[in-house]
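What the coordinates show
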Amino acid sequence: MMCAAVIDGRQAAASVMEAVKAAATGLEQEARVKTGLAVVIVGDDPASHTYVGAKARMAKECGFNSIQHTLPSETTQEELAGLVAALNDDPMIHGILVQLPLPKHLNSDAIIQSIQPQKDVDGLHVVNAGKLATGDLATGLISCTPAGAMLLVRSIHGEDLSGLNAVVIGRSNLFGKPMAQLLLNANATVMTAHSRTKDLPSVARSADILVAAVGRPEMVKADWVKPGATVIDVGINRIDAPERGEGKSRLVGDVAYGEAADVAAAITPVPGGVGPMTIAMLMANTVIAAHRAAGKRPPKF
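Keep in mind the model is a prediction, meaning the values are calculated, not measured.

Some words on the overall build of the protein chain
Each helix and strand counted, the protein chain has 10 helices and 11 strands in total. Against the globule reference of 19 Å for 301 residues, the protein chain gives a C-alpha radius of gyration of 20 Å, in line with a compact fold. Counting only C-alpha atoms and orienting by the principal axes, one finds that the protein chain spans roughly 55 × 45 × 35 Å. Out of the 301 residues belonging to the protein chain, those deemed buried represent 48%. Taking contacts inside the protein chain between residues at least 6 apart in sequence as the whole, the part at least 24 apart equals 68%. Only carbon and sulfur atoms are counted for the fraction: they give 53% of the accessible area of the protein chain, which is about 14,200 Å². Averaging the locations of the 27 positively and 29 negatively charged side chains of the protein chain gives two centres separated by 3 Å.

Regarding the pairing of strand E8 (residues 230-233)
Covered by surrounding structure in E8 are Thr 230 and Ile 232 together with Val 231 and Asp 233, the residues of both alternating faces. Bridge count between E8 and strand E11 (residues 266-267): two bridges; the pairing is parallel. Pairing of Thr 230 across the sheet is with Ala 266, part of E11.

What about the pattern of salt bridges?
Across all of its chains, the model carries six salt bridges by this definition. Across the salt bridge formed by Lys 21 and Glu 18, the nearest N and O atoms sit 3.3 Å from each other. On the criterion of helical spacing, the pair formed by Lys 21 and Glu 18 is a turn pair, its members being three residues apart in helix H1 (residues 9-31). Residue Lys 21 is classed as partly exposed on the basis of its relative accessible area, which comes to 25%. For the salt bridge of Glu 30 with Lys 296, the shortest nitrogen-to-oxygen distance reads 3.4 Å. Of the two residues, Glu 30 sits in helix H1 while Lys 296 sits in the segment after helix H10 (275-293), which places them 266 residues apart along the sequence.

What about the packing of H1 against H10?
With their axes 9 Å apart at the nearest point, H1 and H10 run at an angle of 20 degrees to one another. Judged by the angle between their axes, H1 and H10 are roughly parallel. In this structure, the crossing between H1 and H10 has a hand that is left-handed. From H1, Gly 9, Arg 10, Ala 12, Ala 13, Val 16, Met 17, Val 20, Ala 23, Ala 24 and Leu 27 reach across to H10, where they touch Pro 276, Met 277, Ala 280, Met 281, Met 283, Ala 284, Val 287, Ala 290 and His 291. Taken together, the residues of the contact of H1 with H10 sort by class into 16 nonpolar, two polar and one charged.

Overview of the sheet that holds strand E3 (residues 65-71)
Taken together, three strands build an open sheet; the order of strands is E3-E2-E4 and the sheet is parallel. Every other strand in the sheet has two partners, leaving E3 and strand E4 (95-98) as the edge strands with one partner each. Going from strand to strand, the sheet's axes swing by 15 degrees on average, the running direction of each strand aside. Summarising the sheet, strand E2 (residues 36-42) and E3 pair through seven bridges and their orientation is parallel. When the sheet's bridge partners are listed, Leu 37 is paired in E3 with Ser 66. Packing of helix H2 (residues 46-61) onto the sheet brings it into contact with E2, E3 and E4, and relative to E3 it is tilted by some 160 degrees.

Thresholds, definitions, all that
Residues numbered from 1 in each chain as written. Predicted model: local features only at pLDDT ≥ 70, side-chain atom pairs only at ≥ 80, totals over all residues. Heavy atoms only, no water. Helix = DSSP H or I, 4+ residues; strand = E, 2+ residues; numbered from the N terminus. Rg over C-alpha atoms; globule rule 2.2 N^0.38 Å. Buried < 20%, exposed > 50% of the residue type's maximum accessible area, 1.4 Å probe, protein only. Contact = heavy atoms within 4.5 Å. Areas by Shrake-Rupley, 256 points an atom, 1.4 Å probe, with all protein chains shown as cover. Lys, Arg positive; Asp, Glu negative; His and termini not counted. Charge placed at Lys NZ, Arg CZ, Asp CG, Glu CD. Pairing = 2+ DSSP bridges. Salt bridge = Lys/Arg side-chain N within 4 Å of Asp/Glu carboxyl O. Axes fitted to C-alpha atoms, helices over the stretch in contact; angles between N-to-C directions. Parallel < 35°, antiparallel > 145°, perpendicular 65-115°, else oblique. Left-handed = near helix turned anticlockwise from the far one by under 90°. Nonpolar A, V, L, I, M, F, W, Y, C, P; charged D, E, K, R; others polar.

See the structure below:
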């Protein structure tokens, strides 16, 4: 019997999208600036094309000038770097997104770091990471998934997390580290845990806010969860589901949802929790970048 409140990421993402549309329309009316997003994809990875297609559709929904550059798998480092340089110099483009992963012969980090920080709507440039690490949330761009997860945390606990213990399981540059910084900036007491953490279940049980981002299906069990905690599950794992038929699969998170929901006060589902927030926050970052480029006060999300 589940007792936890389900944190609806789809509803929260829809709310962000409405705010983005309003901000983009306002900027176009006030400053005659149409928000521009350029998405670059190299190769023919089906999952990447699915993601890029979704991002392009949402950008158009928001009223953006959405441009997609689809490059062949054999594109060289120099060719890709040249395209990024051209987009950096294009005043009509406010956000640049290079879809990862890139083909193995390309140095993805060099490409990401070549994007101008003010156009780095994925929030992966070291300048944006450094601004977040030093508490500067006003002038940088925050990595989309942690920004979305943080919005879900705030929907439960409000802006100020003073007096709350937060545990982030996972220390990746893409999510774990920026998520910990966001929680710390909101005055939570934060521990970053990982595979080398001693007695991980006990550490997790200390959390009023437990964030799981390790990529291991249903690793976090009910006895890892403090009664009444808020659980944010960032994992997206596909597992076999023979009960649905031969060769069938289903998506699960890093948290054993059914049992954890009996203990937690609030929990994100998978799918439908953090996932929808990622693209919504990408759109939010893009319209923020456009406002800054136009010398206007950016919206808050």
